[in-house]
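# Report on the structure
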Amino acid sequence: MTRRFAAWLGMAVVLLAGCSEPEYVLPDRGTAAVQVEERRLASLLPGKLLSGPGTCNVRLLGGDGSSSFAWALCEGTPEPGVTSGVSLPVRVDGDQVSRPLDGSEYAASVKRMFPADLAEAVLDSPGRMHP
C-alpha cells in the first residue's frame, strides 16, 4: 500500500511540474534601452490615453520588432478640479496605441494585442506588470 501511495504521489508531482510554465521575464529596467523606451512611451501616452493633459508612469513589458508592449498608469486633469486616470496594458506601434477592450472582451483583446506568453502573464498576474 505504501508503494502505491508513493508511486501515485510521484506521478502527481511529475504531472504538476510538467504543467507549470516558467514565469514571464520582464525587461531589465536598469538597461539604457529599456529606460529610453519607457521615457518615450511616458511622453507619448498621455496624449493618446487621456482626454487632456497628464502624466504616465510606464513599465515596458517587452517588444517585438517595431512594437512595444507596456503597462501604463496615467493620471490627468481634463478640467480644473477634476482628475481622471487609467491603468492598463498597451501595445505601441510607432505612435499608434492599442488598448484592450473592456468587460467580457478584455481577455480576448489582450490575446490579440500581445504575444501568447506575454498575454498569459498580463492576464494571470497583472499586478506584477504595473510600473
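The structure under discussion appears in the preceding block.
Rules used in this analysis
- Residues numbered from 1 in each chain as written.
- Predicted model: local features only at pLDDT ≥ 70, side-chain atom pairs only at ≥ 80, totals over all residues.
- Heavy atoms only, no water.
- Helix = DSSP H or I, 4+ residues; strand = E, 2+ residues; numbered from the N terminus.
- Buried < 20%, exposed > 50% of the residue type's maximum accessible area, 1.4 Å probe, protein only.
- Contact = heavy atoms within 4.5 Å.
- Areas by Shrake-Rupley, 256 points an atom, 1.4 Å probe, with all protein chains shown as cover.
- Polar contact = N/O pair within 3.5 Å; in protein donor to acceptor, adjacent residues only side chain to side chain.
- Disulfide = S-S within 2.5 Å.
- Core = buried A, V, L, I, M, F, W, Y, C linked by side-chain atoms within 4.5 Å.

### Description of the overall build of the protein chain
- The secondary structure content of the protein chain amounts to four helices and four strands.
- For the protein chain, the proportion of its 131 residues judged to be buried stands at 31%.
- The contacts in the protein chain between residues at least 6 apart in sequence include a share of 43% that link residues at least 24 apart.
- Just so you have it, the protein chain exposes about 8300 Å², and 57% of that area is on carbon and sulfur atoms.

### What about the side chain of Glu38?
- For Glu38, the position within the fold is in helix α2 (residues 32-49).
- For Glu38, a relative accessible area of 11% corresponds to the buried category.
- Looking at Glu38, its side chain comes within polar contact range of the side chain of Arg29, at 3.1 Å.
- Polar side-chain contacts of Glu38 include one of 2.9 Å to the backbone nitrogen of Leu60.

### Section: the state of the cysteines
- Under the defined criterion, the tally for this structure stands at one disulfide.
- Disulfide partner of Cys56: Cys74, at an S-S distance of 2.0 Å. Disulfide Cys56 to Cys74: torsion about the S-S bond roughly 110°, handedness right-handed. Here the residue Cys56 occupies a position in strand β1 (residues 54-64), and Cys74 occupies one in strand β2 (residues 67-79), the gap between them amounting to 18 residues. Of the two residues, Cys56 and Cys74, both sit in the buried class.

### Some points on the nonpolar core
- With 16 residues, the main nonpolar core has Leu41, Leu45, Leu49, Cys74 and Val90 as its most contacted residues.
- Those elements that provide at least two residues to this core are α2, β1, β2 and β3 (82-93).
- No other element matches the five residues that α2 contributes to this core.
- Dropping the residues within four chain positions of it, Leu41 is found in contact with Pro46, Val58, Leu60, Ser68, Ala70 and Val92.
- In this structure, Phe69, Met113, Leu118 and Val122 belong to the second largest nonpolar core, which totals 13 residues.

Shape is all these values report; function is a separate question.
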